[in-house]
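Here is how the chains run, residue by residue.
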Amino acid sequence: MSPLSLRCADSLLTVSPFGGQALSWQVNGEEQLWLSRDADLSGHHPIRGGVPLCFPWFGKAASGPSHGFARTSLWQVIEQLSTPTEARLVLALRDSESTLALWPHHFEATISYTLTPDTLAITLRVTNTDDQPWAFTAALHSYLQAEVATLHLPALSGLPYHDKLENADRLFDDGPDAKLPPIPVDAIVPGLAQLALRQGDTSLQIHNRGHDATVVWNPGPAHGIGDVHFGGEQEFICLESALALEPLRLEPGSSHTLAQSLSISG
Ligand code: TA6
């Protein structure tokens, strides 16, 4: 179950078949994703960092693992191609005895990673292969490298969000000195298709598609999360393309695509 590598020019992506999860994306040697130094890579537990795939549910469920079983399932490679201008890796997950025991529906999910020299496009396509409709929630739970002490996301200014920490609906501050986002943060922001994350001289442009919300998460210093290394919460912000507001119903034979693209600009 070794990680898979995908390269396009100076852009290098590493993906774990366990979870179908991106672990690292380096552009010109600069890491763009965050992976905890204490991440459990044994293939038995969720991996803390990179881009975990949350499916068929986002968040906690009455029964079943947090964020669903996709991130702790073994995905199969179904396509890998590389040209001088683009590289692509596609993995698939289908229902099995173990998924049916947790969620009694037939499905197929594919995750595709497409690399160009300055962009990583991540596309989760979910298909109902059952003879009955079913509903799901999901997220591309991207952990992005960020210097939290100086982090500023102006795109959040004044936006409404659901604060999961206090189960309340709020507005982000829109004052000139607003800390955006405040940390700790666990915010479900309806819509929001585009935002930019500045890092030093470069900026990461984030585009979400097929989502109903962008989730903004950082647990802050008092997190008590065992697999976030000491001080690790100062190094990332999760900006997630999510179906988190309402379960999305899929008819038999139909599909939905949830996507996020990350592009480096100067
Ligand atoms: O996306 C934010 C969130 O749902 C938070 O509520 C927080 O718990 C986080 O994900 C991490 O969840 P995990 O199950 O990976 O510890």
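What you see is a predicted model; the values in this text were computed from it and never measured.

K.L.:
I keep staring at the overall build of the chain and nothing clicks. Help me out?
P.N.:
Helix and strand counts for the chain stand at 1 helix and 19 strands. A buried classification covers 51% of the 266 residues belonging to the chain. By sequence separation, contacts in the chain at least 24 residues apart represent 63% of the contacts at least 6 residues apart. With an accessible surface of roughly 11700 Å², the chain has 51% of that area assigned to carbon and sulfur atoms. With 14 positive and 29 negative side-chain charges, the chain shows a separation of 2 Å between the mean positions of the two kinds.

K.L.:
How do you make sense of the site of the ligand when you look at a structure like this?
P.N.:
Every residue near the ligand is listed here: Arg-48, Phe-58, Ser-66, His-67, Arg-71, His-141, Lys-164, Asp-186, Val-215, Trp-217 and Glu-240. Asp-186 has a polar side-chain atom sitting 2.5 Å from an oxygen atom of the ligand. Out of a free accessible area of 390 Å², the ligand has 84% covered by protein chains. Each residue belonging to the shell around the ligand can be placed in one class, and the counts come to 3 nonpolar, 3 polar and 5 charged.

K.L.:
Could you clarify how one ought to interpret the sheet that holds strand 4 (residues 30–31) in this entry?
P.N.:
Within a sheet, neighbouring strands are paired by backbone hydrogen bonds and run either parallel or antiparallel to one another. Read across the sheet, 4 strands follow the order 1-2-3-4 without closing on themselves; strand pairing throughout is antiparallel. The sheet is open, and its two borders are formed by strand 1 (4–8) and strand 4, each paired with just one other strand. Bridge analysis of strand 2 (residues 11–16) against strand 3 (residues 21–27) gives 6 bridges, and the strand direction is antiparallel. Looking at the pairing, Ser-11 lines up with Val-27 of strand 3.

K.L.:
Would you explain unusual backbone geometry in this entry?
P.N.:
The bulk of non-glycine residues show a negative phi, and the bulk of peptide bonds are trans. Each neighbour pair has its own omega, and for Leu-180 with Pro-181 the value is -5°, a cis peptide bond. Take Pro-181: it is sitting in the loop between strand 13 (168–171) and strand 14 (185–190). Cis peptide bonds are those with omega within 30 degrees of zero, and the linkage from Ile-183 to Pro-184 qualifies with 0°. Inspection of the secondary structure puts Pro-184 in the loop between strand 13 and strand 14. At Asn-167, a residue that is not glycine, the phi angle is positive and equals roughly 45°. Take Asn-167: it is sitting in the loop between strand 12 (160–163) and strand 13. Accessibility expressed as a relative area gives 62% for Asn-167, which makes it exposed. The residue Leu-192 is not glycine, and still its phi comes out positive at about 60°. With respect to the helices and strands, the residue Leu-192 is situated in the loop between strand 14 and strand 15 (194–199). Classification of Leu-192 by relative accessible area gives buried; the value is 16%.

K.L.:
What exactly am I supposed to notice about the sheet that holds strand 19 (residues 255–265) here?
P.N.:
Strand order in the open sheet formed by 7 strands is 6-7-8-9-19-16-15, with antiparallel pairing between adjacent strands. Looking at strand neighbours, the two that pair on one side only are strand 6 (76–82) and strand 15, the edges of this open sheet. Strand-to-strand twist of the sheet, defined as the mean angle between neighbouring strand axes without regard to direction, takes the value 15°. Bridge analysis of strand 8 (residues 107–116) against strand 9 (residues 119–128) gives 10 bridges, and the strand direction is antiparallel. Pairing of Ser-112 across the sheet is with Thr-123, part of strand 9.

K.L.:
Help me understand the pairing of strand 7 (residues 87–94), please; the structure alone is not making it clear to me.
P.N.:
For a regular strand, side-chain orientation follows a simple rule: the groups alternate between the two sheet faces. Of all 8 residues making up strand 7, 6 are buried, and the element is well covered by its neighbours. Sheet topology places strand 6 next to strand 7; 6 bridges connect them, and they run antiparallel. By the bridge assignment for strand 7, Ser-82 is matched with Ala-87. In textbook terms, the turn of a hairpin is the stretch between consecutive antiparallel strands, and for strand 6 and strand 7 this stretch comprises 4 residues.

K.L.:
So what exactly am I meant to see when it comes to the pairing of strand 17 (residues 213–218) here?
P.N.:
The buried fraction of strand 17 is high, at 6 of 6 residues. Of the two faces of strand 17, the one carrying Ala-213, Val-215 and Trp-217 and the one carrying Thr-214, Val-216 and Asn-218 are both buried. As defined by bridge partners, strand 14 adjoins strand 17 across 6 bridges and the pair is classed as antiparallel. Looking across to strand 17, one finds that Asp-186 is bridged to Trp-217. Relative to strand 18 (residues 236–250), strand 17 is paired through 5 bridges, and the arrangement is antiparallel. For Val-215, the partnering residue across the bridge sits in strand 18 and is Glu-240.

Conventions adopted
- Residues numbered from 1 in each chain as written.
- Predicted model: local features only at pLDDT ≥ 70, side-chain atom pairs only at ≥ 80, totals over all residues.
- Heavy atoms only, no water.
- Helix = DSSP H or I, 4+ residues; strand = E, 2+ residues; numbered from the N terminus.
- Buried < 20%, exposed > 50% of the residue type's maximum accessible area, 1.4 Å probe, protein only.
- Contact = heavy atoms within 4.5 Å.
- Areas by Shrake-Rupley, 256 points an atom, 1.4 Å probe, with all protein chains shown as cover.
- Lys, Arg positive; Asp, Glu negative; His and termini not counted.
- Charge placed at Lys NZ, Arg CZ, Asp CG, Glu CD.
- Near = heavy atom within 4 Å.
- Polar contact = N/O pair within 3.5 Å; in protein donor to acceptor, adjacent residues only side chain to side chain.
- Nonpolar A, V, L, I, M, F, W, Y, C, P; charged D, E, K, R; others polar.
- Pairing = 2+ DSSP bridges.
- Axes fitted to C-alpha atoms, helices over the stretch in contact; angles between N-to-C directions.

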